[in-house]
Structure formats: C-alpha cells, structure tokens
Amino acid sequence: MDLLQTTLCSPKCPEQLQFLCAAILRERSPADSLSLSWDHVQSSQQLSLVASVLLAQGDKKEEVRSVGQHAFRVLESRQPEGPSLRHLLPVLSKVTHLAPHTLHEDQTNLLSKRLVEWLRYASVQQGVAHTSGGFFSTPRARQPGPVTEVDGAVATDFFTVLSTGQHFTEDQWLNVQAFSMLRAWLVHSGPQGPSAPDAGDRSEPEGSTLSVLSAASTASRLRPPRERLRDKAFEYCQRLVEQSTRRALRRGDADLQKACLVEAVLVLDTLCRQDPSFLYRTLSCLKALHVRLCGDPARARALLPIAQFFLSHGEAAAVDSEAILQHLFTRVPCELFHSPMLAFEFVRFCGDSLPLFGRNLDILKRSFPNLFKLLAWNSPPLTSEFVALLPWLVDASTAVEMLHALLDLPCLTAALDLQLRLSPAASERPLWDTSLRNPSCLEASRDPEFQALLQHLLRAKASGTVQRLAPLHQLLQPMTSCARVVQCAEAVPTLLQAFFSAVSQFADGALTNQLVLVLLERRDSLYQVPQYEARVHRVLSSQLLALCALHPSLVVDLAKELLEFVGSVSSVHSREAMLAAVAWAVGEYLSVSWDRRCTVEQITRFFEALEALLFEVTQSRPSAALPKCPPQVIAVLMTTLTKLASRSQDLIPRVSLFLSKMRTLAQSPAPSPVHGEEDAGAICTRATELLTLLKMPSVAQFVLTPSAEVSEPRYHRDANTALPLALRTVSRLVEKEAGLLPG
C-alpha cells in the first residue's frame, strides 16, 4: 500500500503507472492504512487521481470535504498559465453530489462565475495541433480556422458542445465539461439547493410582466452569480436546440445531437422550476421542437423530457399536456419498443413522473397494452421497473384485461418478433431472433382470420374487451423457442405476484369473483412455452387462495364454476397446483360459518365431485401418458372430504369407508399410484388421523371448521382454553389409534 501511494504521488511517475496505482487503491478501498497527501502533487490530472482514491474511502475521515476544499483552493489560485482544470471539474461535480453542504457560499459563487465564463465565452477558433518538433516542423504551419457546425457551416455564434473542429482549446474542453455538470450544479445552487439564500428574494408573482422584463437584463454583470449562470445556461440551451435542427455530416455527431437535445430540455426544465421568468420563452421554443420531433422517430428520446416539462409547467402556463402525452404513449412504444435504451428511459419517465400526472394519470393507465410491449421485448432489465409501476397502472376497470395481458405476455413477445419480420422497413441489422430463420407461421399470419387476433394483441390502449387467443397460440407455437419469448415467460410469475399484490388493496367481491373466473378459465389456455404453464400455475394457485382469504364468500358465489372445474379435470398432471388450491378453498370456506347461503345440497355436490375425482386418481395405474398423482394432492382431497363430511354428518359413513380403503391401499404391497414408502406412509398417516377425528363428529367439526374467534391469540397461548385442550385430546387419540395399526 505504501509503495502504491508513493508511486501515485511521484511527479516523475509515468501516467499509465499512476492510473494503474489509483485503480488498485480504489479497488482496495476503504483502507485504514491509506495516508495520501496533497503535498508535492502539481498536475491537475494527478490531483484528480488522488481525489478519486480519497472519495472511494467512504468519508470515514471527512475525505469528501477535504477533497472539495482542496479542489476549490486550486480553482481560486489558478492563473492563466497554471495547471489545467479539465481533470478537476469531474471531482468538483462528484463532491457536489456526495456532500453538497460542505461548500461555502463564496465557493458556490466562484464556481458559478467560472461556469458562466466557460459556457458563454469559450474561443470560437480551433485549437492548434500539437507538433512533435523535429527537422520537418516549421513555424509557418497553417493558422487554425474557426469552429464549425455539425453540418459543416462556419459557426456564427458562441461555442457549444455541438461545435466541431479538428483540435480544441483548453477553454473549449472546459465548455464541454461545464455543460456536462450544469444541470447538477443548478439543482445544487438553485432555490431548492442547500446554498441559495438569494433565490427567494423575488417579490413579483410567477409569470408576471415584471418578472419577464427583469430577465431581459442578462448582460448586466451586477447580478448575483447564480442568476447570471441561469441566464447563460438558458442561452446555451437555446443555441443547442437551434443546432439540433442542422443535418449532421457524421453519425457520431448525429448521436451527440440527440443526447445534447435531451440534456438541454432537462436543463430548461430545471431553470423554469427555479425561475418562472424563463417559462414563457421556453414554452414557444419547446412547442416548436415537439412538432418537429413528432415526425422524426430517430429523436424520440427527446420527447420524454419535453413531456416531463409540460407535466411540470403546463398548469402554470395554462397549457394542456394531454395531446403531448397521448402522442407519446400511443406512438413511441408501438414503433420503438425494440430500442432497449429508449424502453428503459420511457419506463423510468413513467415512474419518475407519477406525482406530476394528476388528472392525466388515466392516460397512463389506459396505455398499459403499449407499455407491455416494452416489457415483452425487454423483460429481463425492465421487470423490476414494472413491478414498481404496476400498482399505478391497475385499477378496477382494467384489472381483468391486464391479467389476461400478463398471461399472454410471452405470446405478445412472439407477435412483436413476427411484426418486425413482416415490417417493410429495412434495417441495418435484424432486430428479431436470428436463430429462427424463417418460422412457418410467417405466411400463415397474413390470413385475415389471424389478423384480427393479432391486432387485438398488439392494441395500443385498453379496449375493455377480452378475446380468446387460443388460435393465435397455435399459430405462434413455432416461436416458443425464441430466446426473448423464453426470457419473457420467466418474468411473468414475478409480474403476476406484483399484480395481485396491487389488486388486493382495492378489489371488492365482484372484482375478486371476476379474477378467480379468469384463473379457472386460463389454466388450460396459456402459450405453450417450456415450463411456463407449471410456473404460472404455481403462482395462480397461491393467489387463488389469497383471493379466497380476502373474500371467502366467493366459494359460494362461484359454486357452479368451481364444480365445473373439479368435474373437468381429466388428468391431474400439470394441474396439481390449481386442483389442490381449489380443493383446499372448498374445504376451508364452504361453510355456514363463512357464508350463511351455504346449503347442505352444495356441500353434498362438492363432496360427490371430489370423491369421484379422488377415486379416479387413486385407482388409475400410472403410465408415461398418465403420471402418478402427487401425494400432496391426495392428502388435500382426503382432508377436504373430511371437512365437508363434518359439516354434513350424513356423509361421515361414506368418507370413513373411503378413508379406510385409502389406508389399506397405501399399506398394500401391490403397485399403486403412490410409489415409495415415504409417500405411502404420509397417505396412511393422514387417513388414520382423519378417521380418528370422524369418530367424534363434534370434535371433528370443532377442529376442522374452527370459528373465527379461534384466530385470536389467546386461543393459542392459553393452555386452558378450548382449542389447546381439544388438540391435546385428539393427539392422544391419534397416538392410541396409530399404536393399534398392524406392523
């Protein structure tokens, strides 16, 4: 460690070795043995490396304050021929972010003054190329010309980050760095910042004539440094907006135009938040910019900060942002879902702007089908973002449609892949999965029969209707092996859990019934991605139980549908989770104690349906086409039958006989659907316990159908209350009965 620090601070050490030492020291941070000193460090680049190591220590010894104060001392004492500040500006920006309260008022004013100089008064002449000297060097080298615009025209206004040239001067590099830290510094030094005592001295009302006129005197050098910085920042951003209209000659400059345009709009938004006098001048500029960008999909990223601007200031400026939001949510996700950066920024915009939507929040909610396109195509990186966003998207009017959309999300991924393949627009590289060269469904999808289903799946807004997409699932079956489809299918269980967690906060009985019907209906109507159905069934079964616990009366409300579900289960394979959940819900909540409408006839019908199902799964011999029934499902079915019999005692002889046969079957050495001694032992034990309970019907009803009061803590903590006493009695009876078993 000592050798690394000595090498880093040595003035004669090569730059590459200094970079390497700094990187190693940062990786070993925090380190108690670190003792870096600013003494004998002359170059700004060396200072920035030392500062990066100190800032990585975690501020245990107030390293952040020390770095900030030393950097400002260099900034204060710098002479024109002194060390360059290019390497220190990132350090100052980092200190401002980590510990803004460590900066004094005079330091804030000093940096604001310097930023004004670098932003507005950088040289408009290109820099001089560095020559290596030697025999062929000549003092008659061509003098540098003026900087140019991105389209090659000579620049006629001040230098900005979008000005181009062969070589750049020191102040031009500082201009670029100043713009890169401008927004963060404005936030720090603005009215909401920790060091802005002069920001609240305005007495004129927002947007008044006096406020607008006062902003016209931007050339006055007597204004406070922070106000002068805002004026110059406004001019700089307006110039960037103007420069963004030029046609760049190089692709790199075109990409830089897009990025700078986004940052310029964000800076304008910050300025208008701090000083309303900028608002009306900014509105006219951004309205024209929005009209121009709507016809240019390549610059769609800039639409996000523009929308955020109008959400923030639309009410103050009496401008309706609805039309801007409608275009944003309708066109951008639909046309540019395949852009990963835009997808991420779009979803982050939705999350960050939630407090600003206000009455426009309905636009966000109705646009969830379009937002799901971003999720379907970019599911791994966007899953966590959508988990946080889902509670804001779902409400009672869209819950059922959104549940269908989530279950069909992998199918949507396949449909988007197909849409790209069918798109007439040429692309430099294929955006779809190239491992699937020419899926057989490509031509079949042009059939009008499937076009309506595809249009419904690819709709832009919530339609309030649901269509059966089973034919589309069959059509897109060849695409289930695509990597994006598989990744999307893996994300759906997490999204379903987030969805139900949000819905449970507001769902009433009617909505809960609708959701349960969707769960029962969609159990056999899922896109057949490998392992997708089993994963979804596990989530749906757990959420079915949660919905039943939320509204127990739904078992009686949906008695007909639940009976149809139990009667339609021809094979337990791949449906065991849903079947066990439905059976458990029936046994738990089909009782007069939960719903007075429950009748003996309903109990008997459910008993007969479950009895027939249990008989079928236990008597069928397992095979490759019909795997064995899991012992958990058999145990749940036996317990549910016992619960129902305890509520209608005429059924006790039937269930007792059936349980006796189950116990005999489990003990039989002949091959049975239940393989293995452990599984057979579990079935035998459960059957014995249930038979013992049924010998005392009153105790069975008390234990298997406890009253709501039993959930109170005293029934479980006090040994003298009825429940612990009953459990001890039953335990002794079960132990006695088990001791009488043969073997």
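Use the structure listed above.
Here the residue numbering is sequential within each chain, running from 1 through the sequence in written order. Confidence filtering applies because this is a predicted model: local features only for residues at pLDDT of at least 70, side-chain atom pairs given and counted only at 80 or more, and all residues used for totals across whole chains, interfaces and linings. The side-chain figures draw on all heavy atoms in the structure; neither hydrogens nor water molecules are used.

Engineer: Before we move on, can you summarise the overall build of the protein chain with the specific residues and values?
Structural biologist: Helix and strand definitions follow DSSP, with helices as H or I runs of at least four residues and strands as E runs of at least two, each counted in order from the N terminus. Secondary structure assignment for the protein chain yields 36 helices and zero strands. Two residues form a contact once any of their heavy atoms are found within 4.5 Å. In the protein chain, the share of contacts with a sequence separation of at least 24, taken over all contacts with a separation of at least 6, comes to 74%. Surface exposure here means Shrake-Rupley accessible area, sampled with a 1.4 Å probe, where a residue is shielded only by the protein chains that are shown. Carbon and sulfur atoms provide 54% of the accessible area of the protein chain, an area that totals close to 35,400 Å².

Engineer: Summarise the side chain of T383; cite the residues concerned and give the values.
Structural biologist: Relative to the elements of secondary structure, T383 occurs in helix α18 (residues 379-393). Given the relative accessible area of 12%, T383 is considered buried. With residues near it in sequence (within four places) discarded, T383 still touches L375, A491, T494 and L495. Three exposure classes are used, based on accessible area relative to the maximum for each residue type with a 1.4 Å probe and protein chains only: buried under 20%, partly exposed in between, and exposed over 50%.

Engineer: Describe the nonpolar core, with residues and values.
Structural biologist: What is meant by a nonpolar core is a set of buried Ala, Val, Leu, Ile, Met, Phe, Trp, Tyr and Cys residues, joined one to another through side-chain atoms within 4.5 Å. Among the nonpolar cores identified, the biggest contains 219 residues, and L111, F329, F372, F386, L476 and F499 are the most heavily contacted of them. Considering each element in turn, this core owes the most residues, 12 residues, to helix α24 (residues 483-503). Residue ranges assigned to the domains are those given by an automatic or database domain assignment. Viewed by domain, this core spans two of them, domain 1 (1-101) and domain 2 (104-125 + 149-190 + 224-319), each represented by three or more residues. Beyond its immediate chain neighbours, meaning those up to four positions away, F499 contacts L390, V394, A399, M402, L403, L406 and L515.

Engineer: Describe the packing of aromatic side chains, with residues and values.
Structural biologist: The relative placement of two aromatic rings is captured by the distance of their centres and the angle of their planes. Under the pairing criterion, centres of Phe, Tyr and Trp rings, with the six-membered ring standing for Trp, must be within 6.5 Å; the plane angle then separates stacked pairs below 30 degrees from edge-to-face pairs above 60, leaving the rest tilted. Counted by the stated rule, this structure contains 17 aromatic pairs. Relative to F168, the ring of F159 has its centre 6.1 Å away and its plane inclined at 70 degrees; by these criteria the two rings are edge-to-face. Assessed through its relative accessible area of 2%, F159 is described here as buried. By relative accessible area, F168 is classed as partly exposed at 29%. With 6.1 Å between their ring centres and 65 degrees between their planes, F372 and F386 make a pair best called edge-to-face. In this pair, F372 sits in helix α17 (residues 368-377) while F386 sits in helix α18, placing the two residues 14 residues apart along the sequence.

Engineer: Tell me about the packing of helix α19 (residues 399-407) against α24, and please be specific about residues and values.
Structural biologist: Here the axes come from fitting lines to C-alpha atoms, over the contacting stretch only for helices, and the angles between their N-to-C directions go from 0 to 180 degrees. The interhelical angle for the contact between α19 and α24, taken along N-to-C directions, is 170 degrees, at an axis separation of 10 Å. Considered as vectors, α19 and α24 are oriented roughly antiparallel to each other. Residue-level contacts link A399, M402, L403, L406 and L407 of α19 to V492, L495, L496, F499, F500 and V503 of α24. Classifying every residue of the contact of α19 with α24 by side-chain character gives 11 nonpolar, no polar and no charged. Put simply, angles under 35 degrees are roughly parallel, angles over 145 are roughly antiparallel, angles from 65 to 115 are roughly perpendicular, and the rest are oblique. Under the grouping applied here, Gly and all other residues not named as nonpolar or charged are polar, the nonpolar ones being Ala, Val, Leu, Ile, Met, Phe, Trp, Tyr, Cys and Pro and the charged ones Asp, Glu, Lys and Arg.

Engineer: Can you lay out the side chain of S163 for me, pointing to particular residues and giving the numbers?
Structural biologist: Structurally, S163 is set in the loop between α6 (105-120) and α7 (170-189). Classification of S163 by relative accessible area gives buried; the value is 4%. S163 has contacts with V147, T148, F158, F168, R239 and Q243, leaving out every residue within four places of it along the chain.

Engineer: Lay out a nonpolar patch on the surface with the relevant residues and their values.
Structural biologist: Only residues above 30% relative accessible area that lack a salt bridge enter a patch, with like-charged residues linked at up to 9 Å and the nonpolar side chains Val, Leu, Ile, Met, Phe, Trp and Tyr linked at up to 5 Å. Salt bridges are defined by distance alone: a side-chain nitrogen of Lys or Arg within 4 Å of a carboxyl oxygen of Asp or Glu. Side chains of L17, L20 and I24 sit close together on the surface and give an oily, nonpolar patch of about 240 Å² of accessible area. Within the fold, L17 resides in helix α2 (residues 15-27).

Engineer: Requested: an account of helix α25 (residues 509-521), with residues and values cited.
Structural biologist: Over its 13 residues, α25 runs 18 Å from end to end, which matches the ideal 18 Å to within 8%, given 1.5 Å per residue. Every buried residue belonging to α25 is among L511, T512, N513, L515, V516, V518, L519 and L520, and all of these are buried. By this rule the span expected of a helix is its residue count minus one, scaled by 1.5 Å.

Engineer: Before we move on, could you go through the pattern of salt bridges and cite the residues and values that matter?
Structural biologist: Side-chain pairs of opposite charge can arise whenever the charged atoms involved come near each other. The tally for this structure, following the rule as stated, stands at 26 salt bridges. We note a salt bridge from E235 to R120, for which the minimum N-O separation is 3.0 Å. Of the two residues, E235 is situated in helix α9 (residues 225-243) and R120 in helix α6; the sequence distance between them amounts to 115 residues. Classification of R120 by relative accessible area gives partly exposed; the value is 22%.

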